[in-house]
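# Tertiary structure, described
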Amino acid sequence: MAEYLKKHPDQKGFFGEYGGSFIPPELQAEMDKITDAYYSISKSHDFISELRSIRKHFQGRPTPTYFCKNLSSRTNGRIYLKREDLNHTGAHKLNHCMGEGLLAKYLGKKKVIAETGAGQHGVALATAAAYFGLECEIHMGEVDIAKEHPNVVRMKLLGAKVVPVTHGLKTLKEAVDSAFEAYLKDPVTAIYCIGSVVGPHPFPMMVRDFQHVVGVEAREQFLEMTGELPDTVTACVGGGSNAMGIFSGFIEDDVRLVGVEPSGRSLKMGDHAASMSYGKPGVLHGFRSYLLQDEKGDPAPVYSIASGLDYPGSGPEHCMLKDTGRIEYTTASDADCLDAFYSLSRIEGIIPALESAHAVSYAMKYAAENPRKSVLVNLSGRGDKDIDFVVDTYGVRE
Ligand SMILES: *Cc1c(COP(=O)(O)O)cnc(C)c1O
C-alpha cells in the first residue's frame, strides 16, 4: 500500500484540518468499534482474499481501460476511460458496497442500513445485501421515491426494505437523518453503510480504501497499454468516492489530478453544487469539509443535472488535497455535461452517466488544448438510468 494511504487520515480520522467525527457520544462509541474492527479485519488474509474473489467473479473486475480512438482523433490529444460503467450494476458504487457488506459479515451483523438520494447507492447496497444474505433497509425521501421509480423497484426486487422519509424537504438530507436514527436504535445487529467518502471517521477512509482498486488497476493498465503514465487523470466529484478511487492510484506519481464539479445552471446559490470550488469550511453529517452555505451558515440548497453530484459538501480528503495543491478542481455546467453525454454516445458508442459526463467534458476540452498529451477519465457509471430523462427533456440530438 502506498505510504500516502498509511499516513492519511491520522488516528482521529483527520485529513489535515478536515474530516474527524462530530457526532453524539452514543454514535461515537459505535464508530470507534467499527474503526477498530476495520483496522484489524480489513488487513487479514481471509478478508483480502474473499474480497479479491468477489471482485473477480461477481463484479467482473478488473474493468478495462479503453483508448477512445474516435474521440481522440477529433482532437490533438489522447483520451482514455477507466470503464467503471462495466462494473456490475453499472457504476463504481458497488466497489465500496461489497467491501462494506463483507465487513458487515465479518462483524456478525444481520442488517445494513443506509440513505439514498437518486437511488444509486441504495441499489448497490441492496445488491451487496442480497449477495451476503443480509437484511437491507434504505431510507429515501418521498420526493425522490416519486422521481426515481425504476431504482425503487430495483431495490425491492433485490429484497431491500425502502423506508419513505416524509419530513422536511423529503430528500437526501432528511434521508441521512432518518437512516442515522434507525441505526442508533439498533447498532448491535445493524451497520450503517455510507455512500461516498463522506460522514464521520472511519467512513471516508474505508470507502476510499475500497475504491482504491480502481486507481491501482487503471495505473497498471495504462502503463501496460502505453509504457508511460497519463499526463492528467480526471473524475467527477460529488461526495468524491470515484475520484478518490482513481486519484489514490496516482497520488505519489508526477501526474496531474483534476476533480470536476457541477456548476449546474448558473453560479447563483441553489443553481449548482460546486462545493470544493465555492464552499467554505463547515460541519455537516458529522465531518468537517468545504461546504456550500447560505447567509446563516446553514447548508445551501444545491442542484445539478446529475442527481449523484448534488451534495453541498465533499469528502474531507479532497479538501486537504485541494489546500496542498495536489488536486485541482474545476467545473462543468449542465450544458457541458450534455454535450459530452451526446458526444461519447454518438462518437464512441458509450452512453455515460450524467455524473461521469462532467469529467468527460473536461477531458474533451483538455485534449483539444493539449496536443499529444494523455488524459485518463474515471467513467464512473453508465447512462442507462439517465436516458429517459435526457431524451424527454432535450430530445435526441442529430
Ligand atoms: C453516485 C455517483 C457519483 C457521485 O459520487 P462520488 O462519491 O462523487 O463518486 C458519480 N458517478 C456515478 C455514476 C454515481 O452513481
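Scroll up to find the structure this text is about.
Residues numbered from 1 in each chain as written. Predicted model: local features only at pLDDT ≥ 70, side-chain atom pairs only at ≥ 80, totals over all residues. Heavy atoms only, no water.

### A short note on the site of the ligand
Threshold: We call a residue near a molecule or strand when any one of its heavy atoms sits within 4 Å of it. We define a polar contact as two N or O atoms separated by no more than 3.5 Å, with the added condition that, inside protein, one atom must be a possible hydrogen donor and the other a possible acceptor, whereas residues neighbouring each other in sequence contribute only through side-chain atom pairs. Note on areas: Shrake-Rupley, 1.4 Å probe, and residue coverage restricted to the protein chains presented here. Residues are grouped as follows: nonpolar covers Ala, Val, Leu, Ile, Met, Phe, Trp, Tyr, Cys and Pro; charged covers Asp, Glu, Lys and Arg; every other residue, Gly included, is treated as polar. Domain delimitation in this document rests on an assignment produced automatically or drawn from a domain database.
Every one of the 17 residues lining the ligand counts as a neighbour, but K93, S196, G240, S241 and S380 are closest to it. One of the backbone N or O atoms of G238 is found 2.8 Å from an oxygen atom in the ligand. Between the ligand and S241 there is a distance of 2.7 Å, counted from an oxygen atom to a side-chain nitrogen or oxygen. Look at the ligand: alone it shows 380 Å² of surface, and the protein chains cover 97% of it. The residue makeup of the shell around the ligand, split by class, is four nonpolar, 11 polar and two charged. Shared between two domains, the shell around the ligand holds at least three residues of each, these being domain 1 (18–56 + 93–204) and domain 2 (60–90 + 212–394).

### Description of the packing of aromatic side chains
The following threshold applies: Aromatic pairing here means that ring centres of Phe, Tyr or Trp (its six-membered ring) are within 6.5 Å. Orientation follows from the plane angle: under 30 degrees is stacked, over 60 is edge-to-face, and everything else is tilted. Throughout, exposure labels follow a simple rule: accessible area from a 1.4 Å probe, protein chains only, divided by the maximum for the residue type, with under 20% read as buried, over 50% as exposed, and the rest as partly exposed. Consider the ring centre and the ring normal. A charge sits over the ring if Lys NZ or Arg CZ is within 6 Å of that centre and within 35 degrees of that normal.
Across all of its chains, the model carries 16 aromatic pairs by this definition. Geometrically, the ring pair formed by F14 and F22 is edge-to-face, given 6.4 Å between the ring centres and 90° between the ring planes. Take F14: its relative accessible area is 24%, and that puts it in the partly exposed class. Grouped by ring-pair contacts, the aromatic residues Y38, Y39, F47, Y106 and F210 constitute a single cluster. In this structure, R265 packs its charged tip against the face of Y303, placed 3.7 Å from the ring centre. The side chain of K322 reaches across the aromatic face of Y290, ending 5.8 Å from its centre.

### Regarding the pattern of salt bridges
Selection criterion: Salt bridges are counted wherever a side-chain nitrogen of Lys or Arg sits within 4 Å of a carboxyl oxygen of Asp or Glu. We count a stretch as a helix when DSSP gives it H or I for four or more residues in a row; a strand needs E for two or more, and each element gets its number in order from the N terminus.
Enumeration over the complete set of coordinates arrives at 21 salt bridges. Close ionic contact of K6 with E3 constitutes a salt bridge, the shortest N to O distance being 3.4 Å. Of this pair, K6 and E3 both sit in helix α1 (residues 3–7), separated by three residues, roughly a single helical turn. Accessibility expressed as a relative area gives 47% for E3, which makes it partly exposed. Connected via shared salt-bridge partners are R61, K82, E84 and E217.

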